[in-house]
Amino acid sequence: MTVKKQVAVYQGQFGQLNRTATLAFFISSIMEKDDLILPKDFPTLKNDAFLSACLGQETPHVPVWCMRQAGRYLPEFRESRAGKDFFETCRSPEACCELTLQPLRRFPFDAAIIFSDILVIPQAMGMDVQMVAGKGPTFPDPLKEPEDLLLLQPKVDVNKELGYVFKAITLTRHKLEGKVPLIGFTGAPWTLMSYMIEGGGSTTHSKAKRWLYRHPEASHKLLKMLTGVIIDYLLGQVAAGAQALQVFESHAGCLGPVEFKEFSLPYLRDIARKVKDQLKKSGQDVPMIVFAKDGHYGLEDLSQSHYDVVSLDWTIDPRSARERTGGKVSLQGNMDPCALYAPKERISDIVKKMLEGFGTRGYIANLGHGLYPDMDPENVGAFVEAVHTHSRHLLNLN
Ligand code: CP3
């Protein structure tokens, strides 16, 4: 629409205003919009507990956030998402911004995580992915044989294909008004590869693992391709305003230690090293978190993989995780999400024990995986409060 036409529309809407007032209103509304969209002049950060903990620095309390904190357990989330296609929502920066902010209006979380999905990367590489109600993510045409790799876009222009995520990050960073830092994220190569071959969720991951044993070369080719896209994608997220990055290797647990060392770890390392090296060139750094769910056998390796934080699922004991990582990294996690079904007093006791196990320094409280849709928001609030209260108490004792 031309400016002239847009002014005419505004005059139509505000017929009683004179022409000058209408123009002033129009210009200020455009300026405001432009200011919001540019990845610069972000509001000053008021709560840096999360970023300090990532770097092992002292904090006044242990910071806390939850994986899937923007999710279906919140009635306002269900209302915003009602009747809308999941990936359409992911492509709307305004919708992603609103969904990201929703949990922060309810709970004093110490970080926000951008609402999006790990499967936007296979989409950017040319695959069709749909979110089917009651079934989860579904690929109508998954990769079947190594020849299918030729169908993928090997070099992805992330600004063109995933610019909508960058816009969501920039908008959200402005709208957060510096309340807490904003986390960007990606799926890790093996987890994305397994979705692209399985075509959706799986208990055995046998189709994807078949590739590892039968087509190791093609597997490495695909993992390498994904790694390249992921690095560009994460750098784009930082340029857009992400203040920390989490890499989700959600399917680490279906690999054994040998396969993990060959097909997951080298790519996780490559991602952190290359993102950090590239950022360093412009004098930047952002904390990077790796979450290899059920990959307890890889804990020592993960703590020496250029990440600042290792995020843990609930199968790992806090004290042994500290011993095994030897102070090389900060730790994040790891309450069993199902503990949120317990009464509030019990949640408080579990949190206290968890804090005593991890200690208060270099620690970010979280769950061992995402929140489930049937969880009671009140208990999520009790979890957050317990982390803040008990950690303040423990810190005062020190
Ligand atoms: O943590 C957050 O609040 C940020 C948003 C976020 C979502 N997905 C939103 C989402 C993040 C970080 C993800 C990552 C993601 N997506 C992972 C890695 C983390 C993990 O859970 O291990 C994975 C494996 C996916 C793929 C995916 N997307 C699954 C398995 C599902 C659930 C499908 C179902 O029906 O239960 C999704 C959908 C999804 N992504 C939802 C949300 C809030 C729920 C669906 C909806 O809102 O309609």
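Residues numbered from 1 in each chain as written. Predicted model: local features only at pLDDT ≥ 70, side-chain atom pairs only at ≥ 80, totals over all residues. Heavy atoms only, no water.

### Let's talk about the side chain of Asp301
Within the secondary structure layout, Asp301 lies in helix α14 (residues 299-302). A polar contact is formed between the side chain of Asp301 and the side chain of Lys261, at a distance of 2.6 Å. Here Asp301 is in contact with Lys261, Leu265 and Arg269, once residues within four sequence places are set aside. (Helix = DSSP H or I, 4+ residues; strand = E, 2+ residues; numbered from the N terminus. Polar contact = N/O pair within 3.5 Å; in protein donor to acceptor, adjacent residues only side chain to side chain. Contact = heavy atoms within 4.5 Å.)

### Comments concerning the nonpolar core
One finds Phe50, Met196, Leu222 and Phe383 to be the most contacted residues of the largest nonpolar core, which totals 131 residues. With 13 residues, helix α12 (residues 216-240) is the largest single contributor of residues to this core. Those residues in contact with Leu222 that sit more than four places away from it in its chain are Leu143, Leu149, Leu152, Met193, Met196, Ile197 and Trp211. (Core = buried A, V, L, I, M, F, W, Y, C linked by side-chain atoms within 4.5 Å. Buried < 20%, exposed > 50% of the residue type's maximum accessible area, 1.4 Å probe, protein only.)

### Comments concerning the site of the ligand
Taken together, 23 residues lie around the ligand, and Arg68, Arg81, Asp117, Ser250 and His369 are the ones closest in. Here an oxygen atom of the ligand and a backbone polar atom of Gln69 are 3.1 Å apart. At 3.0 Å, a backbone N or O of Ala70 approaches an oxygen atom of the ligand. Relative to its unbound accessible area of 880 Å², the ligand is 87% covered by the protein chains. Those elements that provide at least two residues to the shell around the ligand are α4 (75-81) and β3 (136-138). (Near = heavy atom within 4 Å. Areas by Shrake-Rupley, 256 points an atom, 1.4 Å probe, with all protein chains shown as cover.)

### Describing the UniProt feature "domain: Uroporphyrinogen decarboxylase (URO-D)" (unreviewed entry) in the protein
Taken from the UniProt record, the annotation "domain: Uroporphyrinogen decarboxylase (URO-D)" (unreviewed entry) applies to residues 63-72 and 183-199. Each end of residues 63-72 is marked by a C-alpha atom, and these two atoms are 23 Å apart; helix forms 0% of the span and strand 0%. Between the end C-alpha atoms of residues 183-199 there is a gap of 27 Å, over a span that is 59% helix and 29% strand. (UniProt positions renumbered as here; feature names shortened; annotations may be inferred.)

### A closer look at the pattern of salt bridges
The tally for this structure, following the rule as stated, stands at 15 salt bridges. Residues Glu145 and Arg210 are paired through a salt bridge, measuring 3.5 Å at the closest nitrogen-oxygen approach. Pair noted here: Glu145 is in the loop between β3 and α8 (158-161) and Arg210 is in helix α11 (residues 206-214), with a separation of 65 residues, a long-range link. For Glu145, a relative accessible area of 29% gives the class partly exposed. Between Glu161 and Lys160 there is a salt bridge, with the nearest N and O atoms lying 3.4 Å from each other. Using a relative accessible area of 32% as the deciding quantity, one classes Glu161 as partly exposed. Of the residues examined, Lys160 reaches a relative accessible area of 63% and is grouped as exposed. Here the residues in one salt-bridge network are Asp270, Arg273 and Lys274, joined through shared partners. (Salt bridge = Lys/Arg side-chain N within 4 Å of Asp/Glu carboxyl O.)

### Here's the deal with the state of the cysteines
Applying the stated criterion across every chain, the model contains zero disulfides. The structure places no disulfide on Cys66, whose sulfur is separated from the nearest cysteine sulfur, that of Cys338, by 13 Å. (Disulfide = S-S within 2.5 Å.)

### Topic: the packing of helix α9 (residues 163-175) against α12
At their nearest, the axes of α9 and α12 sit 8 Å apart, and the two run at 30° to each other. The orientation of α9 with respect to α12, classified from their angle, is roughly parallel. Seen along the crossing, α9 lies across α12 with a hand that is right-handed. Residues Val165, Phe166, Ile169 and Thr170 of α9 form the contact with α12, whose own contacting residues are Tyr233, Gly236, Gln237 and Ala240. Considered class by class, the residues forming the contact of α9 with α12 number five nonpolar, three polar and no charged. (Axes fitted to C-alpha atoms, helices over the stretch in contact; angles between N-to-C directions. Parallel < 35°, antiparallel > 145°, perpendicular 65-115°, else oblique. Left-handed = near helix turned anticlockwise from the far one by under 90°. Nonpolar A, V, L, I, M, F, W, Y, C, P; charged D, E, K, R; others polar.)

### Thoughts on helix α17 (residues 377-397)
Taking 1.5 Å per residue as the helical rise, α17 with its 21 residues ought to reach 30 Å, and the 31 Å between its terminal C-alpha atoms agrees with that figure. The N-cap residue of α17 is Asp376: its side-chain oxygen and the backbone nitrogen of Glu378 are 2.9 Å apart. (Expected span 1.5 Å × (residues − 1).)

### Section: the pairing of strand β9 (residues 363-367)
One face of the sheet, then the other: side chains in a regular strand alternate in exactly this way. Burial within β9 is extensive, with five of its five residues counted as buried. Of the two faces of β9, the one holding Tyr363, Ala365 and Leu367 and the one holding Ile364 and Asn366 are both buried throughout. Here strand β8 (residues 330-335) pairs with β9 via five bridges, running parallel. Residue pairing for β9: Met335 is matched across the bridge by Leu367. Between β8 and its parallel partner β9, the chain crosses via helix α16 (residues 344-358), and the hand of that crossover is right-handed. (Pairing = 2+ DSSP bridges. Right-handed = clockwise from strand over helix to strand, strands pointing away.)

### What about the packing of aromatic side chains?
Considering all chains together, one arrives at nine aromatic pairs under this definition. Seen in terms of ring centroids, Phe86 and Phe115 are 5.7 Å apart; in terms of plane orientation they differ by 70°. Their pairing is edge-to-face. You can see Phe86 sitting in helix α5 (residues 86-90) and its partner Phe115 sitting in the loop between β1 (112-113) and α7 (120-124), a full 29 residues away along the chain. Side by side, Phe86 and Phe115 carry an identical accessibility label, which is buried. Taking the centre distance of 5.5 Å and the plane angle of 70° together, the rings of Phe107 and Phe109 count as edge-to-face. Taking relative accessible area as the criterion, Phe109 reaches 2% and is therefore assigned buried. Here a set of aromatic residues connected by ring pairs shows up, and it is made of Phe77, Phe86, Phe87 and Phe115. (Phe/Tyr/Trp six-rings, centres within 6.5 Å; stacked < 30°, edge-to-face > 60°.)

### Here's the deal with α16
The first and last C-alpha atoms of α16 sit 21 Å apart over 15 residues, in line with the 21 Å expected at 1.5 Å per residue. Buried residues belonging to α16 abut α15 (318-325), β8, β9 and α17. Of the residues flanking the end of α16, it is Gly359, one or two places downstream, whose phi is positive at about 80°.

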